[in-house]
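# Understanding the architecture of this molecule
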Amino acid sequence: MKGIGVGKKGRKILSFFVFGIILIGSCTKTNEFTIGKDFVESQTRLQVIDTFRVDLSTVLLDSVITSSKKIAYIGRYEDNVFGSINCDSYFDVAYESFSEIEEKAIYDSSAFILNYTDYNFGDTTSLMSISIHRLTEKIEPYDRAYLFNTSSFHYESHATGMVSFYPEPHSSDTAVSIPVNALGEELFNLIRDKDERVSTQEWFTDYLKGFVLTSGTAENKALIGFKASSERLVMRIYYHLDKEEPEKKEITIKMGDAAHQFNNVKFDLTNTALYNIKMEGNEVPSTETGNQVFMQGMIGLLPKLRFPSLQNVLAEERWKILKAELIIEPVQYSYDLFSLPDSLYIYRTDKENRRAVLNNDESKPMIASFEFDKYLPENNRYTYDITSYINQELFDAYVDSENGLMVGLNEDKLESSFERLLVECKHPRVKLKIYYLSY
Amino acid sequence: MLKLTKTYILIIFVLILGPGAVFSQTTTSPYSIFGLGYLEGNSTGPSKAMGGTGLAFLSDRYINSMNPASYTGIDSLISVFELGLFGKYTIYSTKHENQSLLNANLKYIMMGFRITPWLATSFGFSPYSSVGYTINTTSPIEGSTLEYPKTFSGEGGVNQVYIGGSVNLIKGLSLGFNAAYLFGNITHRESSELFSYSLEDATYISNFNIDYGLNYQLDIKKWKYNIGLAYGSSKKLKTNNVTTIETNYETEVLKSRKYKYSIPQNIGAGFAVSKGFFRAGVDYEWSNWENVEFTNSYLRTRNSGRYSFGVEFPSPGLNKGTSRMVLYRFGAEYSGSYMIIDNIPINYGAITFGAGFPLKGVISVLNASVELGQNGTTKKDLFRERFVTINLDLSLWDLWFRKRKYD
């Protein structure tokens, strides 16, 4: 007889049972099994503490970088929360080797063309007035890189052009044009005569240093953002050829270096809760500002949070922090006119108010989860999972209570918008909720 | 032939060396949370169909590891290789609800043969006890009114690899021993998916253990009368604990916990009668659990007692005595287990039946049995397990010594 115990049939039976058992084994569902729960002896306790002290203050940044943001804000807005905000926008123009203007050319008109963006703050239904002025000095970025909300350059006191209009920010095919006929004619003549001032880049930028868009004579009630790019912020010189059939022609002068385009923001907090923020070294505690703290983009206001009682966690033995949540609620009724920011970042900061974006566990910037309840506004809140930050702070068994967190827009929004948030500090408090396991 | 015997040995060693893979979690019962877990018992194929009765039975064409003195009964011309599998369907009931689980696994692998006419040996691998449970519950978040889901689970158990020997001293009297190395680990874990943590308490267990056995056979006319005795002394097990807490942010090994595990003193006696292909037997086993300490505060222990009987008879008619003979078996078992929870003893009872089917054309038998039983009670807040277990035992015989001559 060949083979030992197991013949052909035996092998079949054996493999049948082995496979059968593997199949049956995989049927077992254990994740819903509850019987026996009276026998288990828990060796851990999960506790949540949300009574940690959170000290809040509003920090005013020395300056906010506003160059290269592809947006030009012009206008003024005033309320009793952030006082008056006035914004001017600077830019220069690009040199091109201009093509020859024909002999029969006759100058018609000129204008700067402004295109709307989706970013507007304030009452956009009121009459708006914008004037444009020639700069008397060249735009030189600080350290050859950045320009700030505080930067400014000299310009001619008389306007090169001016326009008043009712804004139509949501119509994409409407643009605002500021007539600059005199400047246009001057340029037209220089180009036609091949003047040396339009013959090289150097000569040209010496001659035409740049422009500032600023509020005109009317009392503006809004800050309107226009596109700032070489294609969308341009000056057009219109002329025609004097023929039997007049031929219309134009010359386009484009916005120059994006790094030279920036917004200058002037704000006045005198009549607000933050009136003394500059005197107090650009930081004022919530207790002095009506138990609210303030966030505003291009002014550069950021709420700062510190956790002076965090050290107390360390007094306990045998614990692990499983989750730490930071819950921030907006001041009720503070966002009727201005909607709440839908995405808030969080920064780690120190005594000098330097800041660095706090990342989540996937090494991406952490964004608050935002609960918005239209009907129950008291449920509106921002929640951050700051577990890894808290664990890091506690890691070396020492908590520097000067360190903290700042709540703010992402860097790009901060530098290119006037989005705002008022954080409630008392009813309810800003909560740090720590879930920890003791064993 | 020798080659194939080597194959068996190889299989055994592979399974011994990788026991985690094959022998993990052979039980699924919340009762296994206590002590060493569910005690697997050491009855094999035919005994399983007879209520686990076998203390007085001599091995014949299968290995009876319940009593090491039985090895002398192994047919002198063959080596036996045994593989056990089981599948179990359990309904767990409390006063309020029923839940059910299926589980299945390999049970044992063993081999036995005679060395000389008066000396026989067996070796193999089988579980001593096993732990396997998953209990989902909720726990309060202190400082709030909320609860969170939490899972308690356990796995592992104690395995034994043994080598036994048995000698036939004088006519009818055999003495034997099993020397086993007990090893394994028992892991209890509590964890929460929601809060991403687990506390894992793993205890590695090991020690050597020896059991002794005696069998005396008296032949009166055509009847054989057997008495079997088995004895194992109590033994403390060596433990080494590693407790680890793991969160999303760190893993920390905590101070080792001290656990005392021991196996109890065990005394068993059995009586059997047989004539031709008929046999019947009764067993009684006593284990001194009262002296074994447990760390779970819900549990109190008592000395356990197990009673069983079993009957085996051949298929009547033409096939009797031929290679096509089927052996039928039945039996019952009752065990007052060592566990007392909340003053309620946890008792076990089962009826069994089965048959040994010869595999056509090969010198092997497939022993199949069904066990219907229950464990525990729904009194107070306890639960009862009612189960159907199907045991399959493949007994492969190799005509080792006879065949070799012709190779």
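Residues numbered from 1 in each chain as written. Chains lettered and ligands numbered in written order. Predicted model: local features only at pLDDT ≥ 70, side-chain atom pairs only at ≥ 80, totals over all residues.

### Some points on the overall build of chain A
Of the regular secondary structure elements, chain A holds five helices and 24 strands. Over its C-alpha trace chain A gives a radius of gyration of 32 Å, far above what one expects of a compact globule, namely 22 Å for 439 residues. Projected onto its principal axes, the C-alpha coordinates of chain A cover approximately 110 × 80 × 45 Å. For chain A, contacts bridging at least 24 residues in sequence account for 80% of all contacts bridging at least 6. (Helix = DSSP H or I, 4+ residues; strand = E, 2+ residues; numbered from the N terminus. Rg over C-alpha atoms; globule rule 2.2 N^0.38 Å. Contact = placed C-beta atoms within 7 Å.)

### Some points on the overall build of chain B
Looking only at helices and strands, chain B has four helices and 19 strands in total. Looking at the 407 residues of chain B, the share that counts as buried comes to 45%. Residue pairs at least 24 apart in sequence account for 61% of intrachain contacts in chain B once pairs closer than 6 positions are excluded. (Buried ≥ 20, exposed ≤ 12 C-beta atoms within 10 Å, placed from the backbone.)

### Quick notes on the nonpolar core
All names here are of chain A. Of all hydrophobic cores here, the largest spans 106 residues; its most connected members are Ala72, Ile85, Leu223, Ile346 and Val407. For this core, the two domains that each supply at least three residues are domain 1 (48-62 + 282-438) and domain 2 (71-266). Setting aside chain neighbours within four positions, we find isoleucine 346 in contact with Leu358, Met366, Ala368, Tyr384, Leu405 and Val407. (Core = buried A, V, L, I, M, F, W, Y, C linked by C-beta atoms within 7 Å. Domains from an automatic or database assignment.)

### What about the confidence of the model for chain B?
All names here are of chain B. Across chain B, pLDDT averages 85, with 89% of residues at or above 70. Considering only residues more than four positions removed or in separate chains, one finds that residues 16-25, a stretch of pLDDT under 50, has 13 contacts. Within the model, the stretch residues 401-407 combines pLDDT values under 50 with six contacts to residues more than four positions away or in other chains. (pLDDT = per-residue confidence, 0-100.)

### What to know about the environment of proline 377 of chain A
Residue and element names in this part refer to chain A. Here proline 377 is to be found in the loop between strand S20 (369-371) and strand S21 (381-385). Note on proline 377: 16 C-beta atoms within 10 Å, which makes it partly exposed. Each C-alpha atom, one on proline 377 and one on proline 179, is 47 Å from the other, the two residues being 198 residues apart in sequence.

### As for the domain arrangement of chain A
All names here are of chain A. On domain assignment, one finds that chain A holds domain 1 (48-62 + 282-438) and domain 2 (71-266). Of note, the centres of domain 1 and domain 2, computed from C-alpha atoms alone, are 40 Å apart. Residue-level contacts link eight residues of domain 1 with nine residues of domain 2. Among the residues forming the side of domain 1 that touches domain 2, the class breakdown is three nonpolar, four polar and one charged. (Nonpolar A, V, L, I, M, F, W, Y, C, P; charged D, E, K, R; others polar.)

### Things to note about helix H2 (residues 181-192) of chain A
Residue and element names in this part refer to chain A. Here H2 contains twelve residues, and its C-alpha end-to-end distance of 16 Å stays within 8% of the 16 Å for a straight helix at 1.5 Å per residue. Every buried residue of H2 is listed here: Leu183, Gly184, Leu187, Phe188 and Ile191. Down the axis of H2, the sector holding all buried residues measures 135°, keeping them to one side. The secondary structure elements touched by the buried residues of H2 are strand S5 (105-122), strand S11 (234-241) and strand S12 (247-254). A positive phi of about 55° marks lysine 194, the residue just after H2. (Expected span 1.5 Å × (residues − 1). Arc of directions from axis to C-beta.)

### A closer look at the confidence of the model for chain A
On average, residues of chain A carry a pLDDT of 88, and 93% of them reach 70 or more. The low-confidence segment residues 1-6 of chain A, where pLDDT is below 50, has 16 contacts with residues more than four positions distant or belonging to other chains.

### As for helix H4 (residues 387-395) of chain A
Residues that lie three or four places apart on an α-helix share one face, since the helix turns once every 3.6 residues. All names here are of chain A. Residues of H4 that are buried: Thr387, Tyr389, Ile390 and Glu393. Projection of H4 onto a plane perpendicular to its axis shows the buried side chains occupying an angular sector of 165°, all on one side. For H4, the exposed residues set more than 90 degrees away from the buried face come down to Gln392 and Phe395. Looking at the buried residues of H4, the elements they touch are strand S17 (319-328), strand S18 (345-349), S21 and strand S24 (431-438). Note on H4: the residue one or two positions beyond its end, alanine 397, has a positive phi of about 60°.

### Some remarks on the environment of isoleucine 35 of chain A
Mapped onto the secondary structure, isoleucine 35 of chain A falls in the loop between helix H1 (8-25) and strand S1 (45-49). It is 60 Å that separates the C-alpha atoms of isoleucine 35 of chain A and alanine 273 of chain A, two residues lying 238 residues apart in sequence.

### A few points about the pairing of strand S2 (residues 79-93) of chain B
All names here are of chain B. Examined bridge by bridge, S2 and strand S3 (residues 98-116) share 15 bridges and lie antiparallel to one another. Paired with serine 79 across the strands is phenylalanine 113, a residue of S3. As paired strands, S2 and strand S19 (residues 384-398) are joined by 15 bridges and run antiparallel to one another. Across the sheet, residue serine 79 finds its bridge partner in S19, namely aspartate 398. (Pairing = 2+ DSSP bridges.)

### Remarks on unusual backbone geometry
Proline 428 of chain A follows histidine 427 of chain A through a cis peptide bond whose omega is 0°. Considering the arrangement of structural elements, one finds proline 428 of chain A in the loop between strand S23 (420-424) and S24. Even without a glycine there, the phi angle at lysine 194 of chain A is positive, about 55°. Checked against the element boundaries, lysine 194 of chain A lands in the loop between H2 and helix H3 (201-207). Located in the positive-phi region is serine 196 of chain B, a residue other than glycine, with phi close to 50°.

### What to know about the pairing of strand S12 (residues 266-275) of chain B
Residues and elements named next belong to chain B. One ladder, built from nine bridges, connects strand S8 (residues 223-232) with S12; its direction is antiparallel. Looking at the pairing, lysine 224 lines up with serine 274 of S12. Alignment of S12 against strand S13 (residues 278-287), held across ten bridges, turns out to be antiparallel. Its bridge partner being in S13, phenylalanine 271 is matched across the sheet by valine 282. Between S12 and S13, which follow one another and run antiparallel, lie two residues, and glycine 276 among them has a positive phi close to 60°.

### What to know about the environment of leucine 269 of chain A
Residues and elements named next belong to chain A. Relative to the elements of secondary structure, leucine 269 occurs in the loop between strand S13 (262-268) and strand S14 (283-285). Owing to 20 C-beta atoms within 10 Å, leucine 269 belongs among the buried residues under this scheme. On a C-alpha basis, the gap between leucine 269 and phenylalanine 82 in space is 6.1 Å, while along the polypeptide they are 187 residues apart. Each residue touching leucine 269, except ones within four places of it in the same chain, is listed here: Gly83, Leu274, Tyr275 and Ile277.

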